[in-house]
Amino acid sequence: MRKKHVWFWMALVVILGVSFVTAAMAESRVPTAVIDGNDASRVHLRLEPSQSAASLGLFFTGTEVNWLGEFDEQWAQVEIGSQRGFMMKKYLYIGTEPQLVVSCQPRGVLKDDTQDIPVWYAHPVSGQADGWINGNAVLTVLGETVDGFYYVEAAGLPLYVDADAIQLVERSAAPAVRASRLYWQVLCDRIPYRAAVTGQDVFLSQYNPEVEDIGHCIGRYAIVDLDQDTEMEAAVEVLAGGYPFCYLLLDERGGMVYGYEMPARGLMELKTDGTATWANGAGNTGFGWRDDWNGDSATGTIALCDWQDDQQIFVVNGERTSPEAFQEALRQQELKPNAVWYWPEENQESLLFE
């Protein structure tokens, strides 16, 4: 029997199914909480509401859980993946700013990257695998069950994999960030930015990406060096229907902040070094940094997959290469630490605006 490759289905969900997934989520909202172990990186999921009860597994700080209800003053019943159990309430954040919980979730890579490994959608795992992931996969590890399976996320899908097949890779700490105080003033809506296309001065609260039939709002922002000029820029997330619709990129030059609009697909998986992944379809994707502020190009290319003369080509650092070398470049990109995202209402002391 042929293997059902998880990455194929993930690509279909990302490319074709976003609207259907969004609609389904809107119809079945479940209250959620985020694990916050304080000084502990992992927290037990217990079979019963007691510290002496059997553990169902250990789950990392930063992992989202479904809140099924409060049991008593100390315990809440929760659901993680397909497992239900109890967690101590003091280790669960149920406030309105879950993004403030600092994640301890490590990355995971396959120990043998020459072999595909099976995955299951539900625990306990049994019988034939539900799919397979290949050696290039990089997973976010959410926790480990008591019987030796990692509960992971890959391309937005929750999966169970054999823990013996995965090596944990700790995330690197995000570097300290220094940026122009003008960004802070724009983000706080105190001064306007200049729209690069129209030349008009616009306050952030007046920004209108012309989203049809769906309201929009300003989401998070990250401070990174998007164009490799050693100066920091700001990437501002614009949400429509609760999901990124586009990004407003802010670049300070000569005492003026200029704003450039970027499609959501052009700034995916932004990293602390300012590089990001972009995609115009399954056969046209890559990653790198932005090198054209006046055009609509996403990034200065580091790695590229594209079509040329009806033939798929792969480029890494300007040189034609093999599909395997391209996949290895993507793998190394995924291992880089993700950019740190902040909300405009957060304390600005977390950044070093000059």
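See the structure printed just above.
Residues numbered from 1 in each chain as written. Predicted model: local features only at pLDDT ≥ 70, side-chain atom pairs only at ≥ 80, totals over all residues. Heavy atoms only, no water.

Quick notes on the overall build of the protein
Inference 1: For the protein, the count of helices and strands is four helices and 27 strands.
Inference 2: A buried classification covers 41% of the 354 residues belonging to the protein.
Inference 3: Intrachain contacts of the protein at a sequence separation of at least 6 include 53% that bridge at least 24 residues.
Inference 4: Of the roughly 18,800 Å² of accessible surface on the protein, a fraction of 50% belongs to carbon and sulfur atoms. (Helix = DSSP H or I, 4+ residues; strand = E, 2+ residues; numbered from the N terminus. Buried < 20%, exposed > 50% of the residue type's maximum accessible area, 1.4 Å probe, protein only. Contact = heavy atoms within 4.5 Å. Areas by Shrake-Rupley, 256 points an atom, 1.4 Å probe, with all protein chains shown as cover.)

Points about the sheet that holds strand β20 (residues 243-253)
Inference 1: Strands sit in the order β17-β16-β21-β20-β19-β18 across an open sheet of six strands; the sheet is mixed. The sheet is open, and its two borders are formed by β17 (201-202) and β18 (216-224), each paired with just one other strand.
Inference 2: Summarising the sheet, strand β16 (residues 193-195) and strand β21 (residues 256-263) pair through two bridges and their orientation is parallel. Across the sheet, the residue bridging to arginine 194 is tyrosine 258, located in β21. (Pairing = 2+ DSSP bridges.)

So, the nonpolar core
Inference 1: Among the nonpolar cores identified, the biggest contains 20 residues, and Ile35, Leu45, Phe59, Val65, Ile80, Met87 and Leu92 are the most heavily contacted of them.
Inference 2: Secondary structure elements with two or more residues in this core: β1 (32-35), β2 (42-46), β3 (55-60), β4 (64-70), β5 (75-80) and β12 (149-154).
Inference 3: Those residues in contact with isoleucine 35, other than ones at most four positions away along the chain, are Val43, Phe59, Phe60, Thr61, Gly62, Thr63, Val65, Ile80, Met87, Tyr91, Leu92 and Val101.
Inference 4: Formed by 19 residues, the second largest nonpolar core is a distinct cluster that contains Tyr207, Val236, Val257 and Tyr342. (Core = buried A, V, L, I, M, F, W, Y, C linked by side-chain atoms within 4.5 Å.)

What about the environment of serine 205?
Inference 1: Tracing the sequence through the fold places serine 205 in the loop between β17 and β18.
Inference 2: Along the chain, serine 205 and cysteine 188 lie 17 residues apart, while their C-alpha atoms are 9.2 Å from each other.
Inference 3: Among the polar contacts listed, one links the side chain of serine 205 to the side chain of aspartate 189, at a separation of 2.6 Å. (Polar contact = N/O pair within 3.5 Å; in protein donor to acceptor, adjacent residues only side chain to side chain.)

Looking at the sheet that holds strand β23 (residues 285-289)
Inference 1: The five strands are arranged β22-β23-β24-β25-β26 in an open sheet whose pairing can be described as antiparallel. Only two strands of the sheet have a single partner each, and these edge strands are β22 (276-279) and β26 (319-320).
Inference 2: Summarising the sheet, β22 and β23 pair through four bridges and their orientation is antiparallel. Residue pairing in the sheet places threonine 277 in a bridge with phenylalanine 287 of β23.

Here we look at the pairing of strand β13 (residues 157-162)
Each regular strand shows side chains that alternate between the opposite faces of the sheet.
Inference 1: In this structure, β12 lies alongside β13, joined through six bridges in antiparallel fashion. Note on β13: the bridge partner recorded for glutamate 153 is proline 158.
Inference 2: Count of turn residues in the β12/β13 antiparallel hairpin: two residues, of which alanine 155 carries a positive phi of about 50 degrees.

Thoughts on the packing of aromatic side chains
Inference 1: Under the counting rule described, the total for this entry stands at six aromatic pairs.
Inference 2: Judged by centre distance (5.5 Å) and plane angle (80 degrees), the ring pair of phenylalanine 71 and phenylalanine 86 falls under edge-to-face. With phenylalanine 71 in the loop between β4 and β5 and phenylalanine 86 in strand β6 (residues 83-88), the pair connects residues that are 15 residues apart, well separated along the chain.
Inference 3: Taking NZ or CZ as reference, arginine 181 lies 5.3 Å from the ring centre of tryptophan 184, over its face.
Inference 4: Over the face of the ring belonging to tyrosine 258 we find arginine 253, whose NZ or CZ atom lies 4.4 Å from the ring centre. (Phe/Tyr/Trp six-rings, centres within 6.5 Å; stacked < 30°, edge-to-face > 60°. Lys NZ or Arg CZ within 6 Å of the ring centre and 35° of its normal.)

Digging into the pairing of strand β11 (residues 138-145)
Inference 1: Burial runs high along β11: seven of the eight residues are buried.
Inference 2: Pairing analysis gives three bridges linking β3 to β11, with the strands arranged antiparallel. In the strand pairing of β11, glycine 57 is matched with threonine 145.
Inference 3: Note: strand β8 (residues 107-110) against β11, three bridges, orientation antiparallel. From the neighbouring strand, valine 109 faces β11, where its bridge partner is valine 138.
Inference 4: Note that β11 and β12 share four bridges and pair antiparallel. The residue bridging glutamate 144 from the neighbouring strand is tyrosine 150, located in β12.
Inference 5: Following β11, the chain reverses through three residues before pairing antiparallel with β12; glycine 148 in that reversal takes a positive phi of roughly 90 degrees.

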